Amino acid sequence: VCHTGMAKYTKFPDGFTFGVATAAHQIEGAWNEGGKTENVWDRLSHTRPEMIADGSNGDIACNSYHRYREDVEELVNLGVDFYRFSLSWARILPTGFSDTVNPEGVEYYNNLLDALAENNIEPLVTLFHWDLPQSLQDLGGWSNPKMVDYFRDYSDVCFREFGDKIKSWITFNEPYEICEDAYGDEKKAPAVNSHGVANYLCSDTLLKAHAESYHLYNESYRSKQDGRIMISINSIWYEPSDPKNAEQVALAEVANQFKFGWFAHPIFTEQGGYPAAMIENVAKQSSAEGFSRSRLEQFDDYWIERIKGTSDFLGINHYTTHLITGSGVDPTAKSPSWLKDIGAVTTMEVGGDSASEWLRVVPSGFANLLRWCKSAYNDPPIYITENGFSDRGTLEDYGRIQYFNDYLTEILNVINDDGVNVLGYTAWTLMDNFEWRAGFSERFGFYYVDITDPARPRTPKLSVEYFKQLLATRELPQDERFKDPSVRKH
Ligand code: GBH
């Protein structure tokens, strides 16, 4: 690919903020230290190591439980406005319930929050980034409706213990990945693989749990703590493989409703509830498959109202775009399943490569997603809560720099040309970390982490210099030294 011509816009608006993100299980380690108990990822990686690409686990991860001060130094070096990290439920509540609050766990996060405050870095804190206490999974996890209460209790403890230091909360990271990958499939722990069934039980519970956490914050904490609370939804954005093919265009819209709309429609539309296309397709499929009712239960009027409007911002995690090639059952779809319910055939044959098969580099898809969100959800204020690129860990990470440059360029384009209200950007991730089932084989970090050394030393990659300059100037760096020598123009 040859990158020619000057970007139309290079300067970010006043007030636009930048940060980087991590998640507890991916960086902390200390899996059985300081009173923390087992979570679903500990269980999966310990009992079924063959499920993790390199057989690794999060036992030590990046050792951040012991090296959080160094994490903060790296954040200072980058010059970020905020740091997005997540709390480990099993570290704070070792039984999973709010009967026992673990003082050592609370102290760890207080120390981290204090170190951030000393350095003027705002915390953006995720309550749940996939590491469910195993004790709650033993009761069915997110397919158990009681989780609405347990999550509310956990939120309550977090707001009470840390809310004086935190102005920005995220309830859930990527509900799609939780419900579809972990319950409807085995791509994430606890790998329930109840395809077409538990994924929809999960969304029912998760959306209610999110709403209860929001209302609790709103009613009992907001006036004292003066913060904001939102949800972060991931999108693989779908586009028609042939934009002139009307059937593909219509199917791409259905696929986006199934993917992003599944969680965004109930929260961010006037109408509320699941998207119409989803309700219709799952009901039709379920009946054709011989089920006596739709596998997707609709919310009643009480819950439609209770869930609507429960996010102060739209948090978007975005990495990639896939294509729709036609109607029918995707060859990779199980039966029944979410993918079969969509009724479209997908392909990843688009854009440039990364180290992750699913991650194709398609910057224009990001712009299309953002414009779509503006129109589908009535022009919401948006935070990009994750965006990033994987390689195998090279220090001269030109691919990552190019990815950031091209995706950030699209943000500037939609802000300036389409008036999309994007307020901030979060890069994934501070340092190479435990990339779930990919282990350490796919690396997304600004800092390289040596996992052969138990101390987990970190080394800055070239992208650190790039991001530093971006943050110092609030302008896209144009230096030649950030361009891959093999594609530099002569
Ligand atoms: C995010 O998920 C996560 O929030 C973060 O923790 C993670 O480290 C980061 O992205 C990078 O992956 O088809 O089985 O190969 C991003 C969305 C969706 C990416 C599911 C991986 C497919 C895995 N993820 N996806 S698979």
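The structure reproduced in this document is the subject of the present report.

**Topic: the environment of R160**
So, step 1. With respect to the secondary-structure elements, R160 resides in helix 7 (residues 147-162).
So, step 2. Residue R160 is classed as partly exposed on the basis of its relative accessible area, which comes to 47%.
So, step 3. Separated by 61 residues in the primary sequence, R160 and Y221 place their C-alpha atoms 8.1 Å from one another.
So, step 4. Once residues within four sequence positions are removed from consideration, R160 is found in contact with V101 and Y221.

**Let's talk about the pairing of strand 6 (residues 314-327)**
One face of the sheet, then the other: side chains in a regular strand alternate in exactly this way.
So, step 1. Of all 14 residues in strand 6, 12 are buried, a share of seventy percent or more.
So, step 2. Both strand 5 (residues 228-240) and strand 6 contribute to a ladder of 10 bridges, which runs parallel. Its bridge partner being in strand 6, I236 is matched across the sheet by T320.
So, step 3. Note that strand 6 and strand 8 (residues 382-386) share 4 bridges and pair parallel. Note that in strand 8 the partner of I316 across the bridge is I384.

**Here's the deal with the site of the ligand**
So, step 1. As a matter of local geometry, the ligand sits amid 17 residues, with Q26, H129, E174, E177 and E435 nearest to it.
So, step 2. At a separation of 2.8 Å, an oxygen atom of the ligand approaches a polar side-chain atom of Q26.
So, step 3. One of the side-chain nitrogen or oxygen atoms of H129 is found 2.8 Å away from an oxygen atom of the ligand.
So, step 4. Bound to the protein, the ligand loses 83% of the 570 Å² it would expose on its own.

**Some words on the state of the cysteines**
So, step 1. Tallying each qualifying case throughout the model produces 1 disulfide.
So, step 2. Residue C179 pairs covalently with C202 via a disulfide, S to S 2.1 Å. For the disulfide bridge between C179 and C202, the dihedral angle about the S-S bond is near -70°, and by the sign convention the bridge is left-handed. You can see C179 sitting in helix 8 (residues 175-183) and its partner C202 sitting in helix 9 (residues 198-225), a full 23 residues away along the chain.
So, step 3. Judged by relative accessible area, which is 0%, C202 ranks as buried.

**Focus: the nonpolar core**
So, step 1. In this structure, L87, W89, W142, W169, I411 and F467 are the most contacted members of the largest nonpolar core, which totals 152 residues.
So, step 2. With near-sequence residues (within four places) excluded, F467 lies in contact with F18, G19, V20, L78, V80, Y425, A427 and F446.
So, step 3. Of all hydrophobic cores here, the second largest spans 6 residues; its members include F82, L124, M230 and F313.

**Quick look at the side chain of D432**
So, step 1. As for its position among the elements, D432 is in the loop between strand 9 (422-428) and strand 10 (447-449).
So, step 2. Polar side-chain contacts of D432 include one of 2.9 Å to the backbone nitrogen of G445.
So, step 3. Separated by 2.7 Å, the side chains of D432 and K461 make a polar contact.
So, step 4. Setting aside anything within four residues of it in sequence, one finds D432 in contact with C62, R443, F444, G445, Y447, Y448, V449 and K461.

**Considerations on helix 5 (residues 103-118)**
So, step 1. With 16 residues, helix 5 extends 22 Å from end C-alpha to end C-alpha; this agrees with the ideal 22 Å at 1.5 Å per step.
So, step 2. Those residues of helix 5 lying buried are G105, V106, Y108, Y109, N110, L112, L113, A115 and L116.
So, step 3. Contacts made by the buried residues of helix 5 are with helix 1 (24-27), helix 3 (64-78), strand 2 (82-86), helix 4 (89-92), strand 3 (122-128) and helix 7.
So, step 4. Remark: N120 follows helix 5 within two positions and exhibits a positive phi of approximately 55°.

What counts and what doesn't
Residues numbered from 1 in each chain as written. Predicted model: local features only at pLDDT ≥ 70, side-chain atom pairs only at ≥ 80, totals over all residues. Heavy atoms only, no water. Helix = DSSP H or I, 4+ residues; strand = E, 2+ residues; numbered from the N terminus. Buried < 20%, exposed > 50% of the residue type's maximum accessible area, 1.4 Å probe, protein only. Contact = heavy atoms within 4.5 Å. Pairing = 2+ DSSP bridges. Near = heavy atom within 4 Å. Polar contact = N/O pair within 3.5 Å; in protein donor to acceptor, adjacent residues only side chain to side chain. Areas by Shrake-Rupley, 256 points an atom, 1.4 Å probe, with all protein chains shown as cover. Disulfide = S-S within 2.5 Å. Core = buried A, V, L, I, M, F, W, Y, C linked by side-chain atoms within 4.5 Å. Expected span 1.5 Å × (residues − 1).

Purely spatial values, then, with no claim about function.
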